[in-house]
Each structure stands twice: as C-alpha cells, then as structure tokens.
Amino acid sequence: MIDLKELRENPDRFRNGVRDKCMDVDIDRLLALDEARRAVLMRQENARAEQNRIGKESGARMGQLKGKLKSASDAEKPQLERELAELEAKPTALKAQVHECEVEMAQIEPQWKALWMQVPQPPAQDVPKGKGSDDNVEVRRWAPPGFDFAKTFAENRGFTPRTHLELVKMHGLVDFERGVKMAGTRHYVMCGLGMRLHQAVLRYAVDFMADQRGFSPMGVPVIVKEECMIGTGFFPAGREQAYHIEESARGSGHDLFLTGTGEVGLMGIHADEIVPAESLPLKYCTVSTCFRREAGAAGKDTAGLYRIHQFDKVEQVVVCRADEQESRAWHAQMIQSVETILQSLGLAYRLLQCCTGDLGVKNEDMIDIESWMPGRGELGRDGAPTGAFGETHSASRLGDFQCRRLNLRYKDETGKLRFAYALNNTVIASPRVLIPILEMHQQADGSIRVPEVLRPYMGGIAQIG
RNA sequence: GGUGGGGUGGCAGAGUGGUUGAAUGUACCGGUCUUGAAAACCGGCAGACCCUUUCUAGGGUCUCGAGGGUUCGAAUCCCUCCCCCACCGCCA
C-alpha cells in the first residue's frame, strides 16, 4: 500500500499513477474520506483525553464513594449518592461523545481502508506509458548459436517442428486425459521422463540460485492466511485468482488460500518484523507448487502445458534497503540470473519492458521475459505453427509498496525505521518452461536432446526418444 | 478428536478494577571506572496514529493474542474467536 502522508502532500503523483496504470481508483474520494476520518479521530481523541484526565483526577474518589455507599447507613446514602452522581456526570457525557465518534468512524473507516488498499504503486518515472501488453517495449533478445529469429524454425533447423503437445504424446511425458479425469480441465499428469525433466529443471534452478548467486533456499507454506495474500499485495485485486479453503464454513479455524506463487511465502516470512539492517539484503528463493484459478481466462490457451491450474515454480525475492539505485541494481542482477539460466538451457528469449498499463497494483517497474516457443503462434502456409514468444518469467520492482503492507521494516543508519524495498522474479516455472525446452531441442525424428546442464539431474540421460 | 495449561515489552517474568505503557530480571545501546576487557555503578531502551511546530521538538490517543461487551474508569470482569504448549487417541 502507499504512504498516506505522501498521498496528502502529493496527490497528483498517485492520480497520475492510477491513470498511467489504466486503473480506476478514486483518489479524491480517498482524500475526502481521509480528511473526514481525521476530523472524527480528533474529536474522539480530545474527548478521550478529557475523560482520562477526569479519571486520574477523581477516579479514586469515585471508587471510595462507591465503597462507602455499600456500608453507609440510610441517612448517609443520599449525600454520598449526590456526590457520586456529580462526579460521574461529566465523564458520562464524554462517554456518549466518544461513542458517537465510534459510530461515525465505523461508517468511514471500512471505506477509507478499502479504497486505500486499492491505490496502486505509481510506475517508476522511466517506465514507458502505454495501455497494455501491446505497448510493451522490447529491450533485447538472445538466441542460441545457430538460431536466427529472422528465419523460421524449419529454415534454422532443416525440419518442421512438432508442438510440445505432439512431443509429450509421442514420448509419453504428460497424460492430459487422466489429469482431467481426476481434477478437471487444465490438469495433467506428469509421467516418467516428463516428470524427471520437470524435476531436473527445478532442481537445476534452485541449485543455481543457491550455489551461484548465494540465495537462501526456503520451503514455505503454499496455503496461507488471508493476511499473507493482502500483505503481499495479491488481495484484494487478485482474490478471484486464488483457491479459497473455506475452513470457516466448517465452523472451525480460519480460511486459507492456496498461493499462486512462492513470492507470498517468501515475503511473508518477515512480515511484522523489524529486521536488522545488517541482514539486508535478504535473498531468498523457493520452489513451490503454485495454484491459479485462471478465472477470466476461459477458452484461452486451453491445450497443453501453457496455462494450467497447478504448476511448480522456483521464485527469487530480494528485500533491500529503501534505495532506488540499490533496488535497480538487484533487479538487473535477478534478470541476469534468469538470462544465464535460459542461455544454459539453450532457449531463445526476449526481454520486454512492461509499459505502465501492463503493471499490476504493486509494482513500479516490471520486465517480462518471453521464451521462444516454436509450436506456438499462427499456422504457416505449411500448416505448422510459425512460433511465438510466450511469457515464462516476470521480474518486478515493488518499491516499499509490499513491505509497507507486510509491515516489514529495518532501522537505518540514523535509527529511523523504514520500510524495505522488495523485488521478485521467476527463476523457472515448470512445466511451462518445458514447452520451449522440448520444442527447441527436438530433433527431426522427434527425439529430444536433453540440455547438458539438466543431465546430471536426470541420471545422465542425454536424449528422450 | 479428547483432557488439561497458557498467550503481558527482544527474551524471562510480576501484575485480578483507578497516575500500570506496565514492577523486576536479563539482553541491547551510551557513559563512568580500567592499560584493555570483565565486574560494578549511572543513564537510555516499543510501536502505530493524530494535532501543533521556530523542523526540532512538544502535546494527545491507541496497543498486555484478536474482536465485542460491562464500567465514570479494564492487562485485570463477561462473551466470542484465534493461536501455542503438555498428555492421550488417530495417522502420512
């Protein structure tokens, strides 16, 4: 969430942020609610202060009188009662005042809070303006030696590619029918070498981050309380995307939600903490199963491993000092890690600077990495797909938006408490990344060459089929 | 699932209706002492929010698991919920 003080001082920054992100949050209404809230708060606090003052002044006397009253004779009672009533008159009136304020507050506060939570982090200055993914700007692209983006797959490799769907069927790597039988649409069963490849990719990515980049691997909950979802910024906006375990409906416990990314568990670790400044930057990675309802995506990418309800992902996060330059440096490093991995897997990819309209509520800067998938895209003259980029990674800078929500702080050199800056990036998401791996490494006969870096994780197997 | 015991400041641990945001210990920070350290002694040591401000402070409200209630006044009494611990049962 955003800093309310900053909103009051510089509302235009947030008005523009909302506009540039093509969102609809009424900043002026929030400002009005905020002002109303503070007015009520002030009245309430003044009444309370007076109440407390009187309590200190004559509280003891009141207690005394009450005590006396119990053992008082009938003759003494009226006098005592009178004094007591006199003493109680003022605080009783104040009590009513406080209650009045509470009632008003109960009106204002929920609206104020709800609206506040919706205000997005404004995009960084240098993020290109745009309406949606069509306005994203390509930063650079890379292809393995011998692969030229200007040519078709057939021209590059000398044969027409099979789609990953054909390849997994051919080698029995994935069983969609039985996945659907058990769990419905967008579910699948990973089989044999398919499962091994899936695991190999994940293990390789975790080991890379731990060994080559010094990130601490963590195992985190994938079913979490609502606070974690709100704290990490996925709720309220993304509520429809998350599976909801409604324990409350059973009359016990609290509701839980399945996380759609390891980011939730990783960032939740230090929620409500003041971490030692020396411990920054925190560099964590995790491999976790991710669950997504894909609400609103009906009919989109229905076939294959591209858009599924359950997958596994290695995620990396960095929590660093509240310093934009440092955050940018980490962003670059996290992206570089991914590029190293993709290159070692022999995949072709491009980096896209996402435009303002393609950003979510919580990020101020986002780079998407799309891998080339030869089996995707329009059909060519020969009836085979012409290939297309498909998003496999997303690297975000969140400023202090997420840590503010999570209440994750550190003490800076001057002793001031500050909300840390957060970043996150996919390391590898599988099985989606198996699509480019299978399609890029297929041979003319349909067999698949296993990228060398994965072989140690597959018992040395170099080829599938 | 059953029974019992608990949730108070970084930790430990008092406190059962009225200057208790909270004793005490300990940890931590600063100082004195010391060649240095330890010990001892002195001082400091929660956070959020609101208001004012000569931009450095000052004032106020809230917070003792969470929420609600009783009361002039709640850490303390009542209700609901959550969590933790121990033992038993069940179980991957």
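Residues numbered from 1 in each chain as written. Chains lettered and ligands numbered in written order. Predicted model: local features only at pLDDT ≥ 70, side-chain atom pairs only at ≥ 80, totals over all residues. Heavy atoms only, no water.

1. Considerations on the overall build of chain A
Our working rule: For helices the rule is a DSSP run of H or I covering at least 4 residues; for strands it is a run of E covering at least 2, with both sets numbered from the N terminus onward. The globule rule is 2.2 Å times the number of residues to the power 0.38, and the radius of gyration it is compared with is taken over C-alpha atoms. Note on exposure labels: buried denotes an accessible area under 20% of the residue type's maximum, exposed denotes more than 50%, and partly exposed covers the range between, all computed with a 1.4 Å probe on protein chains only. Here a residue-residue contact requires only that any non-hydrogen atoms of the pair lie within 4.5 Å. Working definition of accessibility: Shrake-Rupley area with a 1.4 Å probe, residue cover restricted to the visible protein chains. Charge counting follows a simple rule: Lys and Arg are positive, Asp and Glu are negative, and His as well as the terminal groups are ignored. The atoms used to mark charge sites are NZ of Lys, CZ of Arg, CG of Asp and CD of Glu.
Across its full length, chain A holds 13 helices and 18 strands. Its C-alpha radius of gyration of 29 Å places chain A more than 25% over the 23 Å reference for a compact globule of 465 residues. With respect to the principal axes defined by its C-alpha atoms, chain A has extents near 110 × 45 × 45 Å. Within chain A, the fraction of its 465 residues that count as buried is 49%. Contacts in chain A between residues far apart in sequence, at least 24 positions, make up 72% of those at least 6 positions apart. Of the roughly 22,400 Å² of accessible surface on chain A, a fraction of 50% belongs to carbon and sulfur atoms. Between the averaged position of the 61 positive side-chain charges in chain A and that of its 66 negative side-chain charges there is a distance of 2 Å.

2. Observations regarding the packing of helix α8 (residues 192-213) against helix α11 (residues 324-344)
This is how the line gets drawn: Here, axes are lines fitted to C-alpha atoms. For helices the fit covers the stretch in contact, and angles between N-to-C directions go from 0 to 180 degrees. Oblique is the label for any angle not covered by the other classes, which are roughly parallel (under 35 degrees), roughly antiparallel (over 145) and roughly perpendicular (65 to 115). Crossings are assigned a handedness: left-handed for a near helix turned anticlockwise from the far helix by less than a right angle, right-handed for a clockwise turn. Classification convention: Asp, Glu, Lys, Arg as charged; Ala, Val, Leu, Ile, Met, Phe, Trp, Tyr, Cys, Pro as nonpolar; all other residues, Gly among them, as polar.
Contact pair α8 / α11: the axes reach a minimum separation of 11 Å and the direction vectors enclose 130 degrees. Here α11 runs oblique to α8, going by the angle between their axes. Note that α8 runs across α11; the crossing there is right-handed. On the side of α8, the interface is formed by Y204, F208, M209 and R213, while α11 contributes Q333, Q336, S337, T340, I341 and S344. Of the residues assigned to the contact of α8 with α11, the class counts are four nonpolar, five polar and one charged.

3. Description of the pattern of salt bridges
Operational definition: One side-chain nitrogen of Lys or Arg within 4 Å of one carboxyl oxygen of Asp or Glu is enough to make a salt bridge.
Summed over the entire model, instances satisfying the criterion amount to 30 salt bridges. Ionic pairing is found between D20 and R19, a salt bridge with its closest N-O pair at 3.2 Å. What makes D20 buried here is its relative accessible area of 12%. Residues D365 and R397 are paired through a salt bridge, measuring 2.9 Å at the closest nitrogen-oxygen approach. Of this pair, D365 sits in strand β12 (residues 365-373) while R397 sits in strand β13 (residues 388-397); the two residues are 32 residues apart in sequence, bridging distant segments of the chain. Per residue, the accessibility class of D365 equals that of R397, and both read buried.

4. As for the domain arrangement of chain A
We apply this condition: The domain limits used here are those given by an automatic or database domain assignment.
Considered domain by domain, chain A is made up of domain 1 (26-118) and domain 2 (133-464). Look at where the C-alpha atoms of domain 1 and domain 2 centre, and you get two points 53 Å apart.

5. Considering the sheet that holds strand β6 (residues 244-245)
Two pairing modes exist for strands in a sheet, parallel and antiparallel, and in both the strands are linked by backbone hydrogen bonds. Which entries qualify depends on this criterion: DSSP calls a pair of strands paired once it identifies at least 2 bridges connecting them.
Taken together, three strands build an open sheet; the order of strands is β5-β7-β6 and the sheet is antiparallel. Of all strands in the sheet, those bounded by a partner on one side alone are β5 (223-224) and β6. Taken together, the two bridges between β6 and strand β7 (residues 256-258) define a ladder with antiparallel strand orientation. Within β7, the position partnered with H244 by the bridge is F257.

6. Some words on the packing of aromatic side chains
Spelled out, the test is: When the centres of two rings from Phe, Tyr and Trp lie within 6.5 Å, Trp using its six-membered ring, the rings pair. Their planes under 30 degrees apart give stacked, over 60 give edge-to-face, and anything left gives tilted.
Under the criterion given, the structure shown has nine aromatic pairs. Measuring from centroid to centroid gives 5.8 Å for W142 and Y349, while their planes differ by 20 degrees, and the two rings are stacked. With W142 in strand β1 (residues 137-142) and Y349 in strand β11 (residues 349-353), this pair connects stretches of sequence that are 207 residues apart. Judged by relative accessible area, which is 25%, W142 ranks as partly exposed. Accessibility expressed as a relative area gives 0% for Y349, which makes it buried. Here F153 and F159 contribute two aromatic rings whose centre-to-centre distance is 5.4 Å and whose plane-to-plane angle is 80 degrees, an arrangement assigned as edge-to-face. Like F153, the residue F159 is buried in the burial classification. Put simply, the rings of F147, F149, W372 and F389 pair up and form one aromatic cluster.

7. What about the protein's contact with RNA strand B?
Short version of the rule: The nearness test applies per residue and asks whether one of its heavy atoms lies within 4 Å of the molecule or strand.
Within the structure, RNA strand B sits among 23 residues, and R8, R38, G63, G253 and R409 are positioned closest to it. Sugar plus phosphate: this is where 65% of the atoms of RNA strand B within 4 Å of the protein reside. When residues of the surface near RNA strand B are traced back to their parent elements, those giving at least two are α1 (4-9), α3 (27-71) and α4 (77-118). When the residues that make up the surface near RNA strand B are grouped by side-chain class, the tally is six nonpolar, eight polar and nine charged.

8. What to know about the environment of R61
Counting through the fold element by element, R61 comes out in helix α3. Separated by 298 residues in sequence, R61 and L359 have C-alpha atoms that sit 62 Å apart.

9. Here's the deal with empty space enclosed by the protein
Going by this rule: Residues are said to line a cavity or pocket when one of their atoms sits within 4 Å of a point; the points come from a 1 Å grid over protein atoms alone, cavities being sets where a 1.4 Å probe fits but cannot get out and pockets being open sets with protein on both sides within 12 Å along at least five of seven lines. Grid points are joined across faces, edges and corners, and a volume is the space filled by probe spheres set on the points.
Per the counting criterion, the structure on display carries one cavity of 30 Å³ or more. Computed from the structure, the largest cavity encloses a volume of approximately 30 Å³. Considering the residues around the largest cavity, the lining is formed by V168, L173, V174, M190, G194, L197, L434 and L438. For the lining of the largest cavity, the elements supplying multiple residues, two or more each, are α8 and α13 (434-440). Classifying every residue of the lining of the largest cavity gives seven nonpolar, one polar and no charged.

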